[in-house]
Amino acid sequence: MQLSSDQVHWKRTTRLMFLHLFIWLFFGYIVHMFVNSLNQYTVPVLNFPLGFYMAAQGSLIVFVVMLFVFARQQDKIDREHGVAEDD
Amino acid sequence: MAADTSASAAQRAGFLNQLGRMYGIYTGGFLGFIVLIAVLEQLGIPNRILGYLFVFFTLAVYAIIGVATRTAQVSEYYVAGRVVPAFYNGMATGADWMSAASFVGMAGTLFLFGYDGIAWVLGWTGGFVLVSILVGPYLRKFGAYTVPDFMASRFGGNFARFLAVIVLVCCSFTYVTAQIYGTGLIASRFLGMQFEIAVFAGLVGILLCAMLGGMKAVTWTQIAQYIVLIVAYLTPIVILSSKKYGVPIPELTYGWAIQDITAREQEMLKAGLATATNLKPHVQPFINYTPLNFFGIIFCMMVGTASLPHILMRYFTTPSVREARQSVGWSLFFIFLLYFSAPAYAAFSKLEVYQNIIGSQVTALKPWLFTWGELGLIQICGKNAANLDAAVAACKAIAGHPGVVRLQDFVINTDVIVLSTPEIAGLPYVISGLVAAGGLAAALSTADGLLLAIANALSHDIYYKMLDPNAPTIRRLTVARVLLFFVAVAAAATAATKPSDILAMVGWAFSLAMAGNFPALVMGIWWKRATTAGAVAGIIAGFGLCLFYLVTTRYFPGAGVKYFGMDSLLNPVTGKPIVDIAKAMALPNAMENFPTLAHPLANKVGWFNLNNINCGLLGMPLGFLVIWVVSLMTKPPSKEVQALVDEIRKPRGRTVLEEKT
């Protein structure tokens, strides 16, 4: 069966959602499970223990950046399937 | 919105320019005002007057904005006419989001808990990812005025609407009470007002902003409040960072501060100023929370973010779905500016305390300490440090006390950290006044958003949609304003009684929102097969379980142990129970209901060693499971509902719900 443009649009939207959900899971939780091993390294120049740094700043920076990237990617998908709003 | 012609695009660009100019002038004026106060301080004007000037100037500005943006249009009252650009909505959301707990409390928690406190920083930022990818933009496309509006359309009418209103009121009311309490606390400390009077003074400020202009007025005021709060938060640590390390970017330099703290911790141990049991190394993880509770807090706060109605409704105000998504990015950016500075704040104050207070002679304590000691917020040698003599006497009373302040001799209330850091570091009073104004802005802006969420749900969902669907515009707005007034007074009256659990309540609000709203919202958007019966059952089960766990562990711990198999929580370091259940259950008051915090079991029992702030961790999965199972057992939703879901998944086109205005 041929998928309609709307169905493909939703499929790609879903895939993008899961991708970002995974990045969120990784930087929100998984990386912090290894805090003790990461703390053995020190961030050069800034002098933070790496595990501490990831929780205090690293993950937050990733979250901010990924939100802007997500907005752009989703908009691209919307445009390619003709469901984006007019500018 | 119809297709934009170039004329309306030009109009929008003009609007953006005008906004930029207005808030630019405002920011400049605010900075000028700070300089003016600094000059007045040098001229010898007393601190009390400077404090009043700060508070009244800022409150007056909020009130002027609130009155100037009053409205008689329903769509402006409920969703600010959907004209707020992404960037500015981000700023407004930042102020809406950052409460007294973020501004005043968080750095203090980080000061005390070190690494483990970062759970709150992570939890209160990462949730915006979920808002953007799962919920927010879809609700914007749907075109609701409130979150219960969506539940009603997707899940067959007023019963789902009513449940959603209950969830909304439960989580928002506890939250708003905490904000008004925070307002009272700051006003009473800096202006010397009586606490109860300060609470109602704060209330007037809130009502002036929100009552006449609803969401429209709250939006433009929150932007002004964001500017005040971020300037106030960053100024003291920027000064500290330049003083100590010569670089005015504290977020980059506090790695050095942490290294200094760790070195000082070792020194204190060697000098006998601290013992291995009372010293909690700043960077060591999982000594205040078990890993389960650490990750539980992160998860509950994140998912709670994506479920709290006062946050979701901010994204109803953008001109388009596209801007709603960008706006989430801007929101987190503006929140991030404060949150990634909070650990720096904590590190700098901890270093000051460890270097300048711990190890100094008791007789050489600085006078600023006693102004907080008088209020019972700083204790030296186990007694409130009201003055130097009291502190010296208290330490003398301890057998074998060496006469220098040891770590165990110094106890500071976590709320004091941010408010007192300027004094700890010996900065001029103007900075303290600025910090107080920032704390007020944070508390007021969040209170505005929450009150509006509650009052809108009551006036729009209960009154207009359920009781009187033919009400004319004027009556709808009047009802909305009257309800706002009464909800605000009720919240202030609750806050004036100084309920003991106020900060824990904020955490509960997140868990309740998460258990009640999140499964139904996500399944409603992402799974067409979710049915009315499924959603209703899921909300009741998830929210019910969460509420049960909270209420039992807090207010009926005896019954929890006796009938529901709860056990003591465990100490994260030793793994031993924190209370002796057998002994506590043998006490005469073990089965007492609604016990105070002094009850030996209150907040100390639970299932799976799970802290009750994390009750959403039980409720939310149950909610998803019930929605899934019950939906599959019932008939699929109608064609119309499925079409509705298809419609909200596509940004293009009109909003699904068209309100008459």
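As the structure is a computational prediction, the values presented were derived from the model and not from experiment.

Thresholds applied
- Residues numbered from 1 in each chain as written.
- Chains lettered and ligands numbered in written order.
- Predicted model: local features only at pLDDT ≥ 70, side-chain atom pairs only at ≥ 80, totals over all residues.
- Helix = DSSP H or I, 4+ residues; strand = E, 2+ residues; numbered from the N terminus.
- Rg over C-alpha atoms; globule rule 2.2 N^0.38 Å.
- Buried ≥ 20, exposed ≤ 12 C-beta atoms within 10 Å, placed from the backbone.
- Contact = placed C-beta atoms within 7 Å.
- Nonpolar A, V, L, I, M, F, W, Y, C, P; charged D, E, K, R; others polar.
- Core = buried A, V, L, I, M, F, W, Y, C linked by C-beta atoms within 7 Å.
- Axes fitted to C-alpha atoms, helices over the stretch in contact; angles between N-to-C directions.
- Parallel < 35°, antiparallel > 145°, perpendicular 65-115°, else oblique.
- Left-handed = near helix turned anticlockwise from the far one by under 90°.
- Pairing = 2+ DSSP bridges.
- pLDDT = per-residue confidence, 0-100.

Participant: How do you make sense of the overall build of chain A when you look at a structure like this?
Facilitator: For chain A, the count of helices and strands is 3 helices and 0 strands. The C-alpha atoms of chain A give 18 Å as radius of gyration, which overshoots the globular expectation for 87 residues (12 Å, by more than 25%). Reported as C-alpha extents along the three principal axes, the dimensions of chain A are approximately 55 × 30 × 15 Å. A total of 87 residues make up chain A; the buried ones form 32% of that total. A fraction of 49% describes how many contacts in chain A between residues 6 or more apart in sequence connect residues 24 or more apart.

Participant: Sorry, what's going on with the interface of chain A and chain B here?
Facilitator: Quite often, the size of an interface is put as the accessible area lost when its parts meet. Listed by partner, the interface residues are 37 residues for chain A and 41 residues for chain B. Listed by contribution, the elements that provide at least two residues to the side of chain A that touches chain B are α1 (5–33), α2 (35–38) and α3 (50–80) of chain A. When residues in the side of chain A that touches chain B are grouped by element, the largest group, 16 residues, is from α3 of chain A. Here the side of chain A that touches chain B is composed, by residue class, of 23 nonpolar, 8 polar and 6 charged.

Participant: Sorry if this is basic, but what is going on with the nonpolar core here?
Facilitator: Side chains of nonpolar character tend, in soluble globular proteins, to be buried together. Counting residues in each nonpolar core, the largest one holds 238 residues, and the members touching the most others are Leu67 of chain A together with Val135, Ala210, Leu229, Leu451 and Ile454 of chain B. For this core, the element with the most residues is helix α19 (residues 429–467) of chain B, which contributes 20 residues. Once residues lying within four places of it in the same chain are set aside, the contact partners of Ala210 of chain B are Gly66, Ala217, Val218, Asp448, Leu451, Leu452 and Leu484 of chain B. Within the second largest apolar cluster, 6 residues are counted, among which are Val561, Met566, Leu569 and Val605 of chain B.

Participant: What am I meant to see in the packing of helix α8 (residues 158–191) of chain B against α19 of chain B here?
Facilitator: Axis angle and axis distance: for two packed helices, these are the angle between their axes and the distance between the axes, and together they describe the pair. Residues and elements named next belong to chain B. Between α8 and α19, the shortest axis-to-axis distance is 8 Å and the interhelical angle comes to 155°. With respect to each other, α8 and α19 are oriented roughly antiparallel. For the pair α8 and α19, the sense of crossing is left-handed.

Participant: Sorry if this is basic, but what is going on with unusual backbone geometry here?
Facilitator: All names here are of chain B. Phi angles above zero are rare outside glycine, and Ala80 is one such case at about 55°. Secondary-structure assignment places Ala80 in the loop between α3 (74–79) and α4 (86–97). You will see that Phe286, though not glycine, has its phi angle at about 60°, which is positive. Here Phe286 shows up in the loop between α11 (250–270) and α12 (291–305). For Phe286, a count of 16 C-beta atoms within 10 Å puts it in the partly exposed group.

Participant: Explain the sheet that holds strand β3 (residues 410–412) of chain B to me, please; I cannot follow it from the model alone.
Facilitator: Residue and element names in this part refer to chain B. Spatial strand order, β2-β1-β3: 3 strands in an open sheet with antiparallel pairing. The sheet is open, and its two borders are formed by β2 (383–384) and β3, each paired with just one other strand. Note: strand β1 (residues 378–380) against β3, 3 bridges, orientation antiparallel. Following the sheet pairing, Ile380 is matched in β3 by Phe410.

Participant: So what exactly am I meant to see when it comes to helix α18 (residues 416–424) of chain B here?
Facilitator: Side chains three or four residues apart in an α-helix point the same way, a direct result of the helix having 3.6 residues per turn. Residue and element names in this part refer to chain B. With 9 of its 9 residues buried, α18 lies for the most part within the structure. Taken residue by residue, α18 has Val416, Ile417, Val418, Leu419, Ser420, Thr421, Pro422, Glu423 and Ile424 as its buried positions. Positive backbone phi, at 70°, marks Gly426, one or two positions downstream of α18.

Participant: Just to check I follow, could you spell out the environment of Ser102 of chain B for this structure?
Facilitator: Residue and element names in this part refer to chain B. Among the secondary structure elements, Ser102 is positioned in helix α5 (residues 100–113). Each C-alpha atom of the pair Ser102 and Leu338 lies 8.6 Å from the other, and the pair is 236 residues apart in sequence. When near neighbours in sequence (up to four residues on either side) are disregarded, Ser102 contacts Trp124, Leu338 and Ala442.

Participant: What's the story with the confidence of the model for chain B in this structure? I'm lost.
Facilitator: The predicted coordinates of low-pLDDT regions are not to be read in fine detail. Chain-level statistics for chain B give a pLDDT mean of 86 and a share of 97% at 70 or above. Model confidence for the complex: the whole-complex pTM is 0.91, and ipTM, which rates the interface, is 0.95.

Participant: Just to check I follow, could you spell out the environment of Lys396 of chain B for this structure?
Facilitator: Along the polypeptide, Lys396 of chain B turns up in helix α17 (residues 388–396). Counting along the chain gives 334 residues from Lys396 of chain B to Tyr62 of chain B, while the straight-line C-alpha distance between them is 50 Å.

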